[in-house]
Amino acid sequence: DQQVKQNSPSLSVQEGRISILNCDYTNSMFDYFLWYKKYPAEGPTFLISISSIKDKNEDGRFTVFLNKSAKHLSLHIVPSQPGDSAVYFCAASQNTQGGSEKLVFGKGTKLTVNP
Amino acid sequence: DAMVIQNPRYQVTQFGKPVTLSCSQTLNHNVMYWYQQKSSQAPKLLFHYYDKDFNNEADTPDNFQSRRPNTSFCFLDIRSPGLGDAAMYLCATSRLAGAHYEQYFGPGTRLTVT
């Protein structure tokens, strides 16, 4: 009963081309989404986020698109660089009873950018 | 640099032998989290503290406990580790930034149970 799904375990692209990582969610109550990047032996680091009131958010080479009706979001990286090779996690933020938020993660997609 | 620190990075314990994982932060964030991540799986929240208030996830086994003696430190105690508890354990902290909480993760502790 995964609420956040990343159906592609891995993706390989050539340097300079576009990388598109996809994510689907099932809970229509989610209203804030995040992408995290994880290198081996390090913890996940925040990359970019999007609120449900928007359909696009851009930060340099990274753009996240949100399609609420389809419960789908995607991360575009253009142009892709070898240093972008990492595992990318999609996450949805959920309010907690305690007054803070918690993250519900997907399983991650391992991106490899080939020189 | 302000950061989230986890010690040790690698921990080996025996089946049934209690083990404690540590997390400290210099960010002065009021929320601290513990996630469990098994191989090729999504990180799964075990519990979190909002200041001193403990919030357990409904499906977290009783075998997992946590302590937060002060703002800077948080511990994960596994009372009787089983082979299925072998995983990466991630600590995170967060603060309210605008309308949402930003989470910062430590590097994780990889637990092996023999």
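Description of the structure in this document. (Residues numbered from 1 in each chain as written. Chains lettered and ligands numbered in written order. Predicted model: local features only at pLDDT ≥ 70, side-chain atom pairs only at ≥ 80, totals over all residues. Heavy atoms only, no water.)

A few points about the pattern of salt bridges
This model, assessed by the stated rule, comprises 7 salt bridges over all chains. Its salt-bridge partner being Lys44 of chain B, residue Asp59 of chain B comes within 3.2 Å of it at the nearest N-O pair. Of the two residues, Asp59 of chain B sits in the loop between strand S6 (53-56) and strand S7 (64-67) while Lys44 of chain B sits in strand S5 (residues 44-50), which places them 15 residues apart along the sequence. Salt bridges sharing common partners tie together Lys37, Arg61 and Asp84 of chain A. (Salt bridge = Lys/Arg side-chain N within 4 Å of Asp/Glu carboxyl O. Helix = DSSP H or I, 4+ residues; strand = E, 2+ residues; numbered from the N terminus.)

Overview of the pairing of strand S11 (residues 109-114) of chain A
Residues and elements named next belong to chain A. Burial along S11 is one-sided: Thr109, Leu111 and Val113 are buried, while Lys110, Thr112 and Asn114, pointing the other way, are not. The pairing of strand S2 (residues 10-14) with S11 spans 5 bridges and is parallel. Looking at the pairing, Leu11 lines up with Leu111 of S11. (Buried < 20%, exposed > 50% of the residue type's maximum accessible area, 1.4 Å probe, protein only. Pairing = 2+ DSSP bridges.)

Topic: the state of the cysteines
Enumeration over the complete set of coordinates arrives at 2 disulfides over all chains. The partner cysteine of Cys23 of chain A in its disulfide is Cys90 of chain A, sulfur to sulfur 2.0 Å. In this structure, the disulfide formed by Cys23 of chain A and Cys90 of chain A twists by about -75° around the S-S bond and is classed as left-handed. One end of the pair, Cys23 of chain A, is in strand S3 (residues 19-25); the other, Cys90 of chain A, is in strand S9 (residues 86-95), and 67 residues separate them in sequence. Taking relative accessible area as the criterion, Cys90 of chain A reaches 1% and is therefore assigned buried. Note on cysteine connectivity: Cys23 of chain B is disulfide-linked to Cys91 of chain B, with sulfurs 1.9 Å apart. With the S-S bond torsion at -75°, the cross-link from Cys23 of chain B to Cys91 of chain B turns out left-handed. (Disulfide = S-S within 2.5 Å.)

Any functional reading would require information beyond the geometric quantities listed.
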